[in-house]
Amino acid sequence: TLSGTLSLASGGTNKNITASNGAVIYSDADSFEASAVGTSGQILKSGGAGAPTWGTVPWTFSANTSSAAASANVIAAMTVPVASTITAVRYVPGIVGVGAADNFVAKLCGAAGCAVTYATCTVACASAAGTVTSCTIDTAAVAAAATLVWELTDTSCTTDPDVNLTAIFTTP
């Protein structure tokens, strides 16, 4: 007959654990623990040497065009489903163009006309096709239900920007 807590060395948890529907068992330095319970749709993220936590999967907002941009240079729009944080933005030019002394600029904006700028991507016109360029994040926090647009604000390099723009978001 066993009584008390069974040690790890003897095949136990070294702790009194109360099970919870949806909890995950993990180990810390001296015992097994039960994680907090996540909510539907979340994933378990490592806490390194600490406890794991529940979170959401990062998502992206991409824009691609292989021809001249639409009116007002807006090439894509979306509404953000939940409050999010922009963690990375990249630009990959296809055909950039001819004017070596100028830049091609694309912005991730809060509305057409760039009332709020979330990210700015600037690429020299002379850049080689396929060059991956990191962009500057101007405002990382994005409110739920915000409308975002990718807008080309300087296309003096070429009339055929052939862009591939991607913003990566996480949610709290």
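Throughout, a residue's number is its position along its own chain's written sequence, starting from 1. Selection of residues for local features in this predicted model requires a pLDDT of at least 70, selection of side-chain atom pairs for listing and counting requires 80 or more, and totals for whole chains, interfaces and linings are taken over all residues. Side-chain descriptors were evaluated using all non-hydrogen atoms of the structure, hydrogens and water having been removed beforehand.

Brief notes about the state of the cysteines
Any two cysteine sulfur atoms lying within 2.5 Å of each other are counted as a disulfide. Counting across every chain of the model gives 2 disulfides. Each sulfur in the disulfide pair Cys 109 and Cys 114 lies 1.7 Å from the other. With the S-S dihedral at roughly 40 degrees, the linkage between Cys 109 and Cys 114 falls on the right-handed side. No difference in accessibility class separates Cys 109 from Cys 114, as the two residues are buried. Here Cys 121 connects covalently by a disulfide to Cys 135, the sulfurs 2.1 Å from one another. Disulfide Cys 121-Cys 135: the torsion about the S-S bond is 105 degrees, which places it as right-handed. Throughout, exposure labels follow a simple rule: accessible area from a 1.4 Å probe, protein chains only, divided by the maximum for the residue type, with under 20% read as buried, over 50% as exposed, and the rest as partly exposed.

Details of the nonpolar core
To define a nonpolar core, start from buried Ala, Val, Leu, Ile, Met, Phe, Trp, Tyr and Cys residues and group those joined through side-chain atoms within 4.5 Å. Membership of the largest hydrophobic core comes to 26 residues, with the highest contact counts inside it found for Leu 108, Trp 150 and Phe 169. Starting at the N terminus, helices and strands are each numbered in turn, a helix being any DSSP run of H or I of at least four residues and a strand any DSSP run of E of at least two. If you list the elements that add at least two residues to this core, you get β5 (59-65), β6 (74-79), β7 (84-93), β8 (103-109), β9 (117-124), β13 (147-154) and β14 (163-170). Of the residues forming this core, the biggest block, 4 residues, is contributed by β9.

Description of the side chain of Thr 166
Locating Thr 166 in the fold gives a position in strand β14. For Thr 166, a relative accessible area of 9% gives the class buried. Beyond its immediate chain neighbours, meaning those up to four positions away, Thr 166 contacts Thr 60, Phe 61, Ser 62, Ala 88, Val 89, Arg 90 and Trp 150. Residues count as neighbours in contact if any of their non-hydrogen atoms are within 4.5 Å of one another.

Observations concerning the environment of Asn 103
Mapped onto the fold, Asn 103 is located in strand β8. For Asn 103 and Val 123, which are 20 residues apart along the polypeptide, the C-alpha to C-alpha distance reads 5.5 Å.

A short note on the confidence of the model for the chain
The quantity called pLDDT is the predictor's confidence in a given residue, expressed from 0 to 100. Taken as a whole, the chain shows an average pLDDT of 79; of its residues, 80% reach a score of 70 or greater. Throughout residues 67-71 the model reports pLDDT below 50, and contacts reaching past four residues in sequence, or to other chains, amount to 7 contacts.

Let's talk about the pattern of salt bridges
Side chains carrying opposite charge are able to pair once their charged atoms draw close together. Salt bridges are counted wherever a side-chain nitrogen of Lys or Arg sits within 4 Å of a carboxyl oxygen of Asp or Glu. Using the criterion set out here, one finds 1 salt bridge in the structure. The residue Lys 15 makes a salt bridge to Glu 33 at a minimum N-O spacing of 3.0 Å. With Lys 15 in the segment before β1 (25-27) and Glu 33 in strand β2 (residues 32-34), this pair connects stretches of sequence that are 18 residues apart. Given the relative accessible area of 13%, Glu 33 is considered buried.

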